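Letter by letter, the chains look like this.
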Amino acid sequence: MSTPLVEARGIAKRYGPTVALADGQLTVHAGESHALVGRNGAGKSTLVTVLTGLQAPDEGTVSFDGEPAPALTDRDAWRRKVACVYQKPTVVPELTVAENLFINRQPQGRGGFISWRRLKTEAAEVLDTWDVHVDPDARTADLKVEDRQMVEIARALSFGARFIVLDEPTAQLDNREIERLFTRMRALQESGVTFLFISHHLQEVYEVCQTVTVLRDARWITTAPVAELPRAALVEAMAGESIAAVEEKASRGDVDAGAPVVLEAHGLTSESYESIDLTVRGGEVVGLAGSSGSGKIELAESFAGLHTPTGGTAQLEGRRLPFGDVTAALRAGVGCVPRDRHGQGLVFGMTVGDNATMSVLDRLGRYGFVGTDRKRGFADELIERLDIHTAGPDQPVSDLSGGNAQKVVMARALASDPRLLVLINPTAGVDVKSKESLLSRMDSARDDGTAVLVVSDELDDLRRCDRVLVLFHGRVVAEHPAGWRDHELIASIEGVDHHG
Ligand SMILES: Nc1ncnc2c1ncn2[C@@H]1O[C@H](COP(=O)(O)OP(=O)(O)OP(=O)(O)O)[C@@H](O)[C@H]1O
């Protein structure tokens, strides 16, 4: 067989007592799209930091095309080999696309000054070569996520790298954008680009990859052509147990039509949506679906104080819900899993336990004093209930894997026993098994009579809802009671069965 483009052998990496990787292996051949999958905390991101030269492994070797990887300090040599496009942008938002493409290597004109004209022409050339339709003069912050990802890919390719790691690239994209990304990936693959694709959406692995590597508990488990590893076997490799145990079916009881209305909104309007009327009863789970510009996220954020309507009212259990104030919304009884766990969800300098319990400190102890044991016990219970992979409540949240950090956000939203639970893409970045445990937390909140509003691009999440409202250009255009067929929901999300 030909020399692999990338080969990592026996990679070990420890952080103090935590073994992030004990035996990481990866062999990627030129021209393939290779999936890297595993449960939250399995070691995927750790392997990527080693493969991209951001960290040296404690043990093991990496080679590219049969040659040992460059020295860690030789950043230019690494840039010519590999790049990773993360969920969080690595481009500078305030700069233009052209400036980002040539950051730190601007073409120089006469007298050593930066030649802005040349910079723009060369940027346009790079974008053109890789068929990226983005204005080089656009401010990067104004780009849509999919365009920002393409600019990052083009930048990596312009350095000479032909191996691109995509770390959960679909997490913030809607269905149509995902299809476009896959089309671009296939085209780039034909031009000789090789991808390592990390995703918790296994159907995507089957759609766009030819080979898959599974990590579990910090170890390499298997590498196989995707065609030879059916879904059940793949989940079993990831979870170490059979699929039946992982995906026990959810039972969804009917909502009590006489249950009291918990949330009632009238005529809600903002720059993102218009004239929205909405009611959610106790024990009811209402889904909000729509494409990325539909206003569904802003609408849900309005109830948690994260987005401010310009008109209309909302009442929570008969009391007016204050807008634009997160603390007031929390006090009024709203728990929220926000869309951005980095910006809105977690305090990264604090421990897992402090983050999970910070919204309920006043309830854990009187007069602001909280017994450490009490808090610890409460945090331990949340960690256990949500299956959070951590060394314990004292571990800083910044040390957690992405999916486990998301579970801490969920723990915090549930800790205050909210009357209304607002969940925005709650299962983003969460592995198959943890997804079940998160969704079953949603089910038990419903059983306790909580009203739940969930925004998601995941059909699996929306299937758990009693009804799904579809937004299109800021208006509710369809309502689907539970039991809808996938194609019906997708058609109304895409605006096919109505005239928005
Ligand atoms: N800087 C760090 N300090 C301490 N522990 C860390 C650090 N980075 C990662 N870990 C630990 O290493 C383990 C592997 O984490 P990693 O981020 O590689 O997992 P992952 O497979 O990418 O998970 P996810 O799917 O949730 O993103 C986890 O237990 C994590 O808590």
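Residues numbered from 1 in each chain as written. Predicted model: local features only at pLDDT ≥ 70, side-chain atom pairs only at ≥ 80, totals over all residues.

## Overview of the overall build of the protein chain
Each helix and strand counted, the protein chain has 19 helices and 20 strands in total. When each of the 500 residues of the protein chain is scored for burial, the buried share is 46%. Restricting the contact set of the protein chain to residue pairs at least 6 apart, pairs at least 24 apart contribute 66%. (Helix = DSSP H or I, 4+ residues; strand = E, 2+ residues; numbered from the N terminus. Buried ≥ 20, exposed ≤ 12 C-beta atoms within 10 Å, placed from the backbone. Contact = placed C-beta atoms within 7 Å.)

## Re the nonpolar core
Ranked by internal contacts, the top residues of the largest apolar core, which has 70 residues, are Leu 51, Val 151, Ala 154, Ile 164 and Val 212. Here this core gets six residues from one element, more than from any other, and that element is helix 5 (residues 145-158). Every residue in contact with Val 151, bar those within four places of it in the chain, is listed here: Val 91, Val 97, Asn 100, Leu 101, Val 132, Val 134, Thr 140 and Leu 143. Counting residues in hydrophobic clusters, the runner-up holds 69 residues, among them Val 285, Leu 299, Ala 415 and Phe 472. (Core = buried A, V, L, I, M, F, W, Y, C linked by C-beta atoms within 7 Å.)

## Some points on the sheet that holds strand 13 (residues 285-289)
Strands sit in the order 16-17-18-13-19-20 across an open sheet of six strands; the sheet is mixed. One side of each edge strand has no neighbouring strand; the edge strands of this open sheet are strand 16 (334-337) and strand 20 (475-481). The sheet shows a mean angle of 20° between the axes of neighbouring strands, direction not considered. Pairing between strand 13 and strand 19 (residues 467-472): four bridges, direction parallel. The residue of strand 19 that forms the bridge with Ala 289 is Val 470. Lying over the sheet, helix 16 (residues 402-415) contacts strand 16 and strand 17 (420-424), oriented at roughly 175° with respect to strand 16. (Pairing = 2+ DSSP bridges. Axes fitted to C-alpha atoms, helices over the stretch in contact; angles between N-to-C directions.)

## Concerning helix 16
Taking 1.5 Å as the rise per residue, helix 16 with 14 residues should run 20 Å; its terminal C-alpha atoms sit 20 Å apart, in good agreement. Helix 16 sits mainly inside the fold: 14 of its 14 residues count as buried. Looking one or two residues past helix 16, Asp 417 carries a phi angle of roughly 45°, positive in sign. (Expected span 1.5 Å × (residues − 1).)

## As for the environment of Gly 24
With respect to the secondary-structure elements, Gly 24 resides in strand 2 (residues 18-28). When residues no more than four places from it in sequence are discounted, the contact partners of Gly 24 are Ala 8, Ile 11, Gly 43, Leu 47, Gly 60, Leu 215 and Trp 220.

## Some details on the domain arrangement of the protein chain
By the assigned domains, the protein chain splits into domain 1 (6-246) and domain 2 (261-493). The C-alpha-based centres of domain 1 and domain 2 are spaced at 30 Å. Each partner contributes residues to the interface: domain 1 has 20 residues there, and domain 2 has 20 residues. Of all the secondary-structure elements, those providing two or more residues to the side of domain 1 that touches domain 2 are helix 6 (175-190) and helix 8 (231-239). Its residues assigned to classes, the side of domain 1 that touches domain 2 shows eight nonpolar, six polar and six charged. (Domains from an automatic or database assignment. Nonpolar A, V, L, I, M, F, W, Y, C, P; charged D, E, K, R; others polar.)

## Quick look at the site of the ligand
Residues in contact with the ligand amount to 18 residues; listed here are only the nearest, Tyr 15, Ala 20, Asn 40, Ser 401 and Gly 403. Per-class residue counts for the shell around the ligand are four nonpolar, twelve polar and two charged. Both of domain 1 (6-246) and domain 2 (261-493) provide at least three residues apiece to the shell around the ligand. (Near = placed C-beta within 6 Å.)

## Looking at the pairing of strand 1 (residues 6-15)
Two strands pair when backbone bridges link them, and strand 1 and strand 4 (residues 59-64) are joined in this way by five bridges, in the antiparallel orientation. The residue of strand 4 that forms the bridge with Val 6 is Phe 64. For strand 1 and strand 2, the ladder comprises seven bridges, and the chain directions are antiparallel. Within strand 2, the residue paired with Glu 7 across the bridge is Thr 27. Counting the residues that bridge the hairpin from strand 1 to strand 2 gives two residues, and of these Gly 16 lies at a positive phi of roughly 55°.

## Thoughts on helix 1 (residues 44-51)
Since the α-helix advances by 3.6 residues per turn, residues separated by three or four positions end up pointing in the same direction. Burial of helix 1 is extensive: six of the eight residues sit out of reach of the surface. Every buried residue of helix 1 is accounted for by Lys 44, Thr 46, Leu 47, Val 48, Val 50 and Leu 51. One or two steps after helix 1, the chain reaches Gly 53, where phi turns positive at roughly 75°.

## Description of the packing of helix 16 against helix 17 (residues 432-447)
Packing of helix 16 against helix 17 leaves a shortest axis separation of 11 Å and a crossing angle of 10°. Judged on the interaxial angle alone, helix 17 and helix 16 are roughly parallel. Packed against helix 16, whose contacting residues are Gly 403, Lys 407, Met 410 and Leu 414, the element helix 17 presents Ser 434, Leu 438, Arg 441 and Ala 445 at the interface. Taken together, the residues of the contact of helix 16 with helix 17 sort by class into four nonpolar, two polar and two charged. (Parallel < 35°, antiparallel > 145°, perpendicular 65-115°, else oblique.)

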